[in-house]
Amino acid sequence: MLDIRVGEKGEIVLSGRFDASQAVKAETFMAALTESRNVDVSDLQYVSSAGLGVLLATQKRLMATGHALKLVNVRGHVREVLHYSGFDQIFEIEAAPPAS
Amino acid sequence: MLDIRVGEKGEIVLSGRFDASQAVKAETFMAALTESRNVDVSDLQYVSSAGLGVLLATQKRLMATGHALKLVNVRGHVREVLHYSGFDQIFEIEAAPPAS
Amino acid sequence: MAESLEQAAQQSFPRTAACLPEIFDFMDRFFAHAGVGDEHRMPMQFVVEEWFTNLVKYSRGGTRDILLDLKRQDGRLVLSLTDFGVERFDIREVRDVDVNLDLKHRTPGGLGIHLLKRMVDDIGYEYVDGRSTTTFVKKLE
Amino acid sequence: MAESLEQAAQQSFPRTAACLPEIFDFMDRFFAHAGVGDEHRMPMQFVVEEWFTNLVKYSRGGTRDILLDLKRQDGRLVLSLTDFGVERFDIREVRDVDVNLDLKHRTPGGLGIHLLKRMVDDIGYEYVDGRSTTTFVKKLE
Ligand SMILES: Nc1ncnc2c1ncn2[C@@H]1O[C@H](COP(=O)(O)OP(=O)(O)O)[C@@H](O)[C@H]1O
Ligand SMILES: Nc1ncnc2c1ncn2[C@@H]1O[C@H](COP(=O)(O)OP(=O)(O)O)[C@@H](O)[C@H]1O
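Summarised in this report is the structure supplied together with it. Computed from a prediction, not measured in an experiment: that's the story for all the values here.

In this section: the overall build of chain C. Secondary structure summary: chain C contains four helices and five strands in total. When its helices and strands are written in sequence order, chain C yields α-β-α-α-β-β-α-β-β. In terms of overall dimensions, chain C is globule-like: its C-alpha atoms have a radius of gyration of 15 Å, near the 14 Å expected for 141 residues. Expressed as lengths along the three principal axes of its C-alpha atoms, the size of chain C is roughly 55 × 35 × 25 Å. Going through the 141 residues of chain C one by one, you find that 46% of them count as buried. Sequence separation of 24 or more characterises 65% of the internal contacts of chain C that already satisfy a separation of 6 or more. Taken as two groups, the 19 positive and 24 negative side-chain charges of chain C have centres that lie 5 Å from each other.

Structure follows, in structure tokens:
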């Protein structure tokens, strides 16, 4: 299951698993956005190409009006998938601080 | 079916039928909002108490930070339901211009 | 006689809000067939949705499909919902909510019954052997 | 012998993405049972999701459940998906997408296969009488 909500600083917090069974839910949430936002993925364990598709479509729509999503606290499997997808060229990406 | 999207002026456009089978979808969209918005219901044909519940919960959450939804182009069945619910006291409501 | 038979329709629906689109379709077809005016469509769908979802959410003991019965009779529209194998619950005994509270004190609960009572002219209730039937009547002229 | 038998599991799933949580549960139970390291969980779930959803979306002629077969064998994890009564489609023949395009020219399409190829060490394909099996191999040490 994917949980998607607005955090205390206005950032979008994604947690859980962003797979094809959760894409419609994420799309519905993202459709409400009209401005730049950080997307905190520190608690996102998994993302598949269905999840990447939602992020990419949102980025395209926001960039058309000069806005953008920024992905923060990226690590592990999610970091790997974003990297191999070339998403570092499309999104500003901020890695998670090394685990203490 | 309920369609929910952002219109050209940043307003939320609800169209179709806002019944209990569509409440989760609307909730997911509304969860992304953090600021005041107009909600255009000119093409909303139907709303049930499940739809009212989503509007009320969103209004409560936004008002806690000094924001609010405003309902615009309200008419017909939707107008009647909002009125009997006492929602005119909770939302700023703007009626649709008379049909020409 | 033949005409009066045509002006009734019955269908059972599983206990889930996901059925609502199907229920509304069924009602639309009956309304068209029975020549019920368009101004009644949304209010009567409202009544059926509110009561159907309440049965799904609250009926004690309910596991079977819910029967929706539509009739046009003597210038009145008669909608009834029957729930089988459940405890008694008479909608007419539910107290009205206060819709004049301010936002802080408002909760979404209780609006359904409050509103549906305003959309019909009469409500009946019958309970026999676990069969619970609520009937909503709307005058058409 | 007994041990090698324990290190395999098979299950069929209906052709819908709604099955994914069930598929991941099934994989998690097998991984725990077969002692496959945690670092392989997400990448292998990725491989299975991408290929399962592609079979659902694109397999020509597919109507039957899809078979997922998991094995741990000779220090390797072997995952295969079998689709019955479909046309031939060999994933190894799919050309790579360009992931270095700028946003304007990027589309979400094609990423699935591109990425899954990077998560496995070998891919096999077998097609016999409408039975289409794609096998993904990951070295565990
Ligand atoms: N069919 C029913 N069986 C038992 N209790 C019911 C039934 N319908 C309604 N109720 C009770 O009456 C209350 C008010 O119902 P309603 O006005 O539909 O609002 P809501 O369902 O939003 O609370 C419910 O919260 C429930 O406690
Ligand atoms: N099992 C399959 N059968 C037939 N065609 C397929 C299959 N899997 C993939 N394809 C084709 O390969 C393309 C790339 O697939 P993929 O990388 O998963 O991206 P996407 O599904 O997002 O387009 C698909 O668009 C489809 O045309």
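We now examine the site of ligand 1. Residues and elements named next belong to chain C. In the vicinity of ligand 1, the contacting residues are Trp51, Asn54, Leu55, Lys57, Tyr58, Phe89, Gly109, Gly110, Leu111, Gly112 and Ile113. Residue glycine 110 places a main-chain N or O atom 2.8 Å away from an oxygen atom belonging to ligand 1. Breaking the shell around ligand 1 down by element, the ones donating at least two residues are helix 3 (41-58) and helix 4 (111-119). The leading source of residues in the shell around ligand 1 is helix 3, at five residues. Broken down by class, the residue content of the shell around ligand 1 amounts to six nonpolar, four polar and one charged.

Paired through their backbone hydrogen bonds, the strands of a sheet run either parallel or antiparallel. Residue and element names in this part refer to chain D. Strand order in the open sheet formed by five strands is 1-2-3-5-4, with antiparallel pairing between adjacent strands. Two strands bound the open sheet, and with one partner strand each, they are strand 1 (8-13) and strand 4 (122-128). Across the sheet, the axes of successive neighbouring strands diverge by a mean angle of 15°, strand direction being ignored. In the packing of helix 3 (residues 41-58) onto the sheet, the strands contacted are strand 1, strand 2 (66-73), strand 3 (76-84) and strand 5 (131-139), and the crossing angle to strand 3 comes to about 10°.

When the parts of a complex come together, some accessible area is lost, and that lost area is often taken as the interface size. Contact with chain A, which involves 25 residues of that partner, is made by 25 residues of chain D. Summing both sides of the interface, chain A and chain D together bury roughly 1,900 Å²; the carbon and sulfur share of this comes to 65%. It is Tyr46, Lys60 and Tyr84 of chain A in chain A that bury the most area against chain D; as a group they hold 25% of the surface buried on that side. One can count zero salt bridges joining chain A with chain D. Among the elements of the structure, strand 3 (37-47), helix 2 (49-63) and helix 3 (76-84) of chain A are those that each provide at least two residues to the side of chain A that touches chain D.

In this section: empty space enclosed by the protein. Across all of its chains, the model carries two cavities of 30 Å³ or more by this definition. If you add up the space inside the largest cavity, you get close to 50 Å³. Tallying contributions element by element places strand 3 of chain A first for the lining of the largest cavity, with three residues. Looking at the second largest cavity, its volume works out to about 40 Å³. Taken together, Leu14, Phe18, Val41, Leu44, Val47, Leu55, Leu71, Val78 and Leu82 of chain B make up the full set of residues lining the second largest cavity. Those elements giving two or more residues to the lining of the second largest cavity turn out to be strand 2 (12-18), strand 3 (37-47) and helix 3 (76-84) of chain B. Take the lining of the second largest cavity: its biggest share by element is three residues, from strand 3 of chain B. Looking at side-chain class alone, the lining of the second largest cavity contains nine nonpolar, no polar and no charged residues.

Attention shifts here to the arrangement of the chains. What separates chain B from chain D at the closest point of their C-alpha atoms is a distance of 17 Å, and the two make no contact. In this assembly chain C lies apart from chain D, the nearest approach of their C-alpha atoms being 16 Å.

Below, the discussion takes up the pairing of strand 2 (residues 12-18) of chain A. Residues and elements named next belong to chain A. With respect to burial, strand 2 is a largely interior element, seven of its seven residues being buried. Note: strand 1 (residues 2-6) against strand 2, five bridges, orientation antiparallel. Following the sheet pairing, arginine 5 is matched in strand 2 by valine 13. Here six bridges tie strand 2 to strand 3, and the two strands are oriented parallel to one another. Each residue of the ladder has a partner; that of isoleucine 12, found in strand 3, is valine 39. Between the parallel elements strand 2 and strand 3, the chain passes through helix 1 (residues 23-30) in a crossover that is right-handed.

Residues and elements named next belong to chain D. The full set of residues close to ligand 2 is Trp51, Asn54, Leu55, Lys57, Tyr58, Phe89, Gly109, Gly110, Leu111, Gly112 and Ile113. For the shell around ligand 2, the element with the highest residue contribution is helix 3, accounting for five residues. Residue classes in the shell around ligand 2 are distributed as six nonpolar, four polar and one charged.

Turning our attention to the sheet that holds strand 3 (residues 76-84) of chain C. All names here are of chain C. Pairing in this open sheet of five strands is antiparallel, and the strands run 1-2-3-5-4 from one edge to the other. Of all strands in the sheet, those bounded by a partner on one side alone are strand 1 (8-13) and strand 4 (122-128). Here the average twist between neighbouring strands, direction ignored, is 15°. Two strands pair when backbone bridges link them, and strand 1 and strand 2 (residues 66-73) are joined in this way by six bridges, in the antiparallel orientation. Of the residues in strand 2, the one forming a bridge with alanine 8 is lysine 71.

All names here are of chain B. Looking at where threonine 58 falls in the secondary structure, it is placed in helix 2 (residues 49-63). Residue threonine 58 is classed as buried on the basis of its relative accessible area, which comes to 5%. Among the polar contacts listed, one links the side chain of threonine 58 to the backbone oxygen of valine 54, at a separation of 2.8 Å. Each residue touching threonine 58, except ones within four places of it in the same chain, is listed here: Met30 and Leu69.

The rules behind each value
- Residue positions are given per chain, counted from 1 along the sequence in the order it is written.
- For this description, chains carry letters from A and ligands carry numbers from 1, given in the order in which they are written.
- At least 70 in pLDDT is required for a residue's local features to be given in this predicted model, at least 80 for side-chain atom pairs to be given and counted, and no such filter applies to totals for whole chains, interfaces and linings, which use all residues.
- As a rule here, side-chain values cover all heavy atoms of the structure and leave hydrogens and water aside.
- Elements are defined by DSSP. Helices are runs of H or I of four residues or more, strands are runs of E of two residues or more, and each kind is numbered from the N terminus.
- All radius of gyration figures rest on C-alpha atoms, and the globule criterion is 2.2 Å times the number of residues raised to 0.38.
- In this scheme, a residue with accessible area under 20% of its type's maximum is buried, one over 50% is exposed, and one in between is partly exposed, where area comes from a 1.4 Å probe on protein chains only.
- Whether two residues are in contact is decided by their heavy atoms, any of which lying within 4.5 Å being enough.
- Working convention for charge: Lys and Arg count positive, Asp and Glu count negative, and His plus the chain ends are omitted.
- For this purpose, a charge sits on NZ of Lys, CZ of Arg, CG of Asp or CD of Glu.
- When at least one non-hydrogen atom of a residue lies within 4 Å of a molecule or strand, that residue is treated as near it.
- Definition of a polar contact: a pair of N or O atoms within 3.5 Å, with one able to donate and the other able to accept a hydrogen when the atoms are protein atoms, and with sequence-neighbouring residues admitted only if both atoms are side-chain atoms.
- Residues are sorted three ways: Asp, Glu, Lys and Arg are charged, Ala, Val, Leu, Ile, Met, Phe, Trp, Tyr, Cys and Pro are nonpolar, and all the rest, Gly among them, are polar.
- Here the rule is simple: two strands pair whenever DSSP picks up at least two bridges between them.
- Helix axes are fitted to C-alpha atoms over the stretch in contact, other axes to C-alpha atoms as well, and angles between N-to-C directions run from 0 to 180 degrees.
- What gets called buried area is simply the loss in accessible area from a 1.4 Å probe that two parts show on being joined, summed for both.
- For this document, the term salt bridge refers to a Lys or Arg side-chain nitrogen within 4 Å of an Asp or Glu carboxyl oxygen.
- A 1.4 Å probe that fits but cannot get out identifies a cavity on a 1 Å grid over protein atoms alone, an open set with protein on both sides within 12 Å along at least five of seven lines counts as a pocket, and a residue lines either if it has an atom within 4 Å of a point.
- Grid points are joined across faces, edges and corners, and a volume is the space filled by probe spheres set on the points.
- Every crossover in which the path from the first strand over the helix to the second runs clockwise, viewed with the strands pointing away from the viewer, is termed right-handed.

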